[in-house]
Amino acid sequence: MRKQIAAANWKMNLSLTEATTLAEQFLQEMTPAKNHQLIVFAVPFPYLTAIQQIVADTPQVFVAAQDCSAHAKGAYTGDTSVAMLQSIGVQYALVGHSERREYQLESNELLAQKVNQCLAAGITPIFCCGEPSNVREEEKQAGYVTHQLKESLFHLSADELQKVVIAYEPIWAIGTGKTATSEQAQDMHAHIREALQIQYGAEVAQSISILYGGSVKAANANEIFSRSDVDGGLVGGASLVATEFAAIAQALR
Ligand code: PEP
């Protein structure tokens, strides 16, 4: 069975005290994860170690970085390399979140380098893709997302690709309260899986976890996660409330 994943994206929120309290509250609220389920907290860099220590004894719960450098090391002030993440035991990193694509002008080519860096360091990239509203209005979202996958992932071997998690996050649904319908999510996830199948074959395509992101909350998680090609969610706003995120994690199949 594919891994079912609830990933929290705290973005640039919370003080250290608020962050540790939130993680502790979540652990108290959560139902133990099953073997094929994972909970991942993408937390601000300064809190990685603190949150990692809090979740260390809870099976199937991990931390993720929200980004990593496209370079291995050197004169890149302010950046964080995968070797640094690896050296503190971080096993996951978000790559290509739409906010970084927009505000840091991250291109598909740059994201391919970040994916390569992650895989070389044994870190699982959670690769984010998804279309803006004007592309959805023109009904060109399938081609748009395929292009993102081609330019950032399809240079990988099948073995490498199987170490990647994909998060489909339509930009018009992120932080807007406007969730994609479960049909829209399922349609795009099926499309992504078909694109993976054309490139890598059915066995590989069936093994990749594809998460949905965009205003997931406790009230809609069950419906969205019930769809056959949706393997969990990447959750922003609702992950900042322990009871909400615990309910979302419980909605995993
Ligand atoms: C996100 O930041 O990845 C996200 C999906 O945010 P939200 O859940 O707030 O829409």
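Before any of the text, the structure's been laid out above.
Residues numbered from 1 in each chain as written. Predicted model: local features only at pLDDT ≥ 70, side-chain atom pairs only at ≥ 80, totals over all residues. Heavy atoms only, no water.

Asks: How should the overall build of the protein be read in this particular structure?
Replies: Helices and strands together make up the secondary structure of the protein, namely 12 helices and eight strands. The C-alpha radius of gyration computed for the protein amounts to 17 Å, which stays within 12% of the reference 18 Å derived for 253 residues, consistent with globular compactness. Dimensions of the protein along its principal axes, counting C-alpha atoms only, are 45 × 45 × 35 Å. Intrachain contacts of the protein at a sequence separation of at least 6 include 72% that bridge at least 24 residues. Roughly 11200 Å² of accessible area belongs to the protein as shown, and the carbon and sulfur atoms make up 50% of that amount. Put simply, the protein has 17 plus and 26 minus side-chain charges, and the middle of one group is 2 Å from the middle of the other. (Helix = DSSP H or I, 4+ residues; strand = E, 2+ residues; numbered from the N terminus. Rg over C-alpha atoms; globule rule 2.2 N^0.38 Å. Contact = heavy atoms within 4.5 Å. Areas by Shrake-Rupley, 256 points an atom, 1.4 Å probe, with all protein chains shown as cover. Lys, Arg positive; Asp, Glu negative; His and termini not counted. Charge placed at Lys NZ, Arg CZ, Asp CG, Glu CD.)

Asks: Any chance you could explain the packing of aromatic side chains here in plain terms?
Replies: The way to describe two aromatic rings as a pair is by their centre distance and the angle between their planes. The full count for this structure, using the stated rule, is seven aromatic pairs. Aromatic pair Y168 and Y212: ring centres 6.4 Å apart, planes at 55°, arrangement tilted. Pair noted here: Y168 is in strand 6 (residues 165-168) and Y212 is in strand 7 (residues 210-213), with a separation of 44 residues, a long-range link. By relative accessible area, Y212 is classed as buried at 0%. (Phe/Tyr/Trp six-rings, centres within 6.5 Å; stacked < 30°, edge-to-face > 60°. Buried < 20%, exposed > 50% of the residue type's maximum accessible area, 1.4 Å probe, protein only.)

Asks: Is there a simple way to explain unusual backbone geometry in this structure?
Replies: With the exception of glycine, most residues fall at negative phi, and the peptide bonds are largely trans. With phi around 85°, L14 is a residue other than glycine that occupies positive phi space. Tracing the chain through its elements places L14 in the loop between strand 1 (4-9) and helix 1 (16-29). Positive phi values are uncommon outside glycine, yet E139 reaches one of about 60°. By secondary structure assignment, the location of E139 is in the loop between helix 6 (133-137) and helix 7 (141-152).

Asks: Would you take a moment to explain the layout of surface pockets for this structure?
Replies: Volume-wise, the largest pocket comes out at about 390 Å³. As for the largest pocket, its lining consists of 14 residues, of which K11, M12, Q66, E99 and R100 are closest to the centre. Per-element tally for the lining of the largest pocket: the top contributor is helix 4 (residues 98-103), with three residues. Here the residues of the lining of the largest pocket sort into six nonpolar, four polar and four charged. The calculated volume of the second largest pocket comes to roughly 270 Å³. (1 Å grid on protein atoms, 1.4 Å probe; cavity = no way out; pocket = protein on both sides within 12 Å on 5 of 7 lines; lining within 4 Å. Points joined across faces, edges and corners; volume = space filled by probe spheres on them. Nonpolar A, V, L, I, M, F, W, Y, C, P; charged D, E, K, R; others polar.)

Asks: Honestly, the environment of C68 in this entry has me stumped. Any pointers?
Replies: In this structure, C68 sits in the loop between strand 3 (61-65) and helix 3 (82-87). Under the relative-accessibility criterion, C68 is labelled buried at 1%. Separated by 16 residues in sequence, C68 and M84 place their C-alpha atoms 9.4 Å apart. Setting aside residues no more than four positions away along its own chain, C68 makes contact with T80, V82, L85, K114 and C118.

Asks: Looking at this model, I keep getting lost on the pattern of salt bridges. Mind explaining?
Replies: Any two side chains of opposite charge can pair, given that their charged atoms come close. For the structure on display, the rule yields 12 salt bridges. Across the pair D229 and R193 runs a salt bridge, and its minimum N-O distance is 2.5 Å. Highlighted residues: D229 in the loop between helix 11 (218-225) and strand 8 (232-235) and R193 in helix 9 (residues 182-200), separated in sequence by 36 residues. Assigned by exposure class, D229 and R193 land together as buried. (Salt bridge = Lys/Arg side-chain N within 4 Å of Asp/Glu carboxyl O.)

Asks: Can you walk me through the environment of N35 in this structure?
Replies: For N35, the position within the fold is in the loop between helix 1 and strand 2 (37-42). Judged by relative accessible area, N35 falls into the exposed class, the value being 67%. Through-space distance from the C-alpha of N35 to that of A65 is 23 Å; in sequence the pair is 30 residues apart. Look past the residues within four positions of N35 in its chain and what remains in contact with it is K3 and Q60.

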